[in-house]
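# Descriptive structure summary
Listed below, chain by chain, are the residues.
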Amino acid sequence: MSTIYIPADSVELEGELILPPAVKGVVIFAHGSGSSRLSPRNLFVAQILQQSGIGTLLFDLLTRMRIWITPCVLISMF
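Just so it is clear, the structure is predicted and the values come from calculations on it, not from any experiment.

Once that is clear, we can look at the pairing of strand 2 (residues 11–18). Pairing between strand 1 (residues 2–8) and strand 2: seven bridges, direction antiparallel. Bridging across to strand 2, Tyr5 finds its partner in Glu14. Hairpin connection of strand 1 to strand 2: two residues between the antiparallel strands, including Asp9 at a positive phi of 60°. As paired elements, strand 2 and strand 4 (residues 54–60) share four bridges and run antiparallel to each other. Paired with Gly15 across the strands is Phe59, a residue of strand 4.

Here it is in structure tokens:
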């Protein structure tokens, strides 16, 4: 597992990237209010995908200080 930081305007969004051997693709979990990348349910789903050879990137749309990131900021990342 690798912790990664995704720049979004003036903040960084923290995420966890896992790439199994012979990865077939990557599923991105973007979490906002009411959940987090480290919730047991999200980790369970990610683990099932990883066992099938699919990588996962789990990250939160809130910073550690719980500042909301607007959709406009996310669009500017790409």
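Here we come to the environment of Leu19. Locating Leu19 in the fold gives a position in the loop between strand 2 and strand 3 (25–31). In this structure the C-alpha to C-alpha distance between Leu19 and Gln50, which are 31 residues apart in sequence, comes to 7.4 Å.

Here we take up the environment of Phe29. On the secondary structure map, Phe29 appears in strand 3. Linking Phe29 and Thr56, residues 27 residues apart in sequence, is a C-alpha distance of 7.4 Å. Once residues within four sequence positions are removed from consideration, Phe29 is found in contact with Asn42, Val45, Ala46, Leu49, Thr56, Leu57, Leu58 and Phe59.

Here we take up the sheet that holds strand 1. Sheet architecture is open: four strands sit in the order 1-2-4-3, paired in mixed fashion. Only two strands of the sheet have a single partner each, and these edge strands are strand 1 and strand 3. Taking each pair of neighbouring strands and ignoring which way they run, the sheet shows an average axis angle of 25°. Sitting on the sheet, helix 1 (residues 40–51) is in contact with strand 2, strand 3 and strand 4, with an inclination near 160° to strand 4.

Reading guide: rules and limits
- Residues numbered from 1 in each chain as written.
- Predicted model: local features only at pLDDT ≥ 70, side-chain atom pairs only at ≥ 80, totals over all residues.
- Heavy atoms only, no water.
- Pairing = 2+ DSSP bridges.
- Helix = DSSP H or I, 4+ residues; strand = E, 2+ residues; numbered from the N terminus.
- Contact = heavy atoms within 4.5 Å.
- Axes fitted to C-alpha atoms, helices over the stretch in contact; angles between N-to-C directions.

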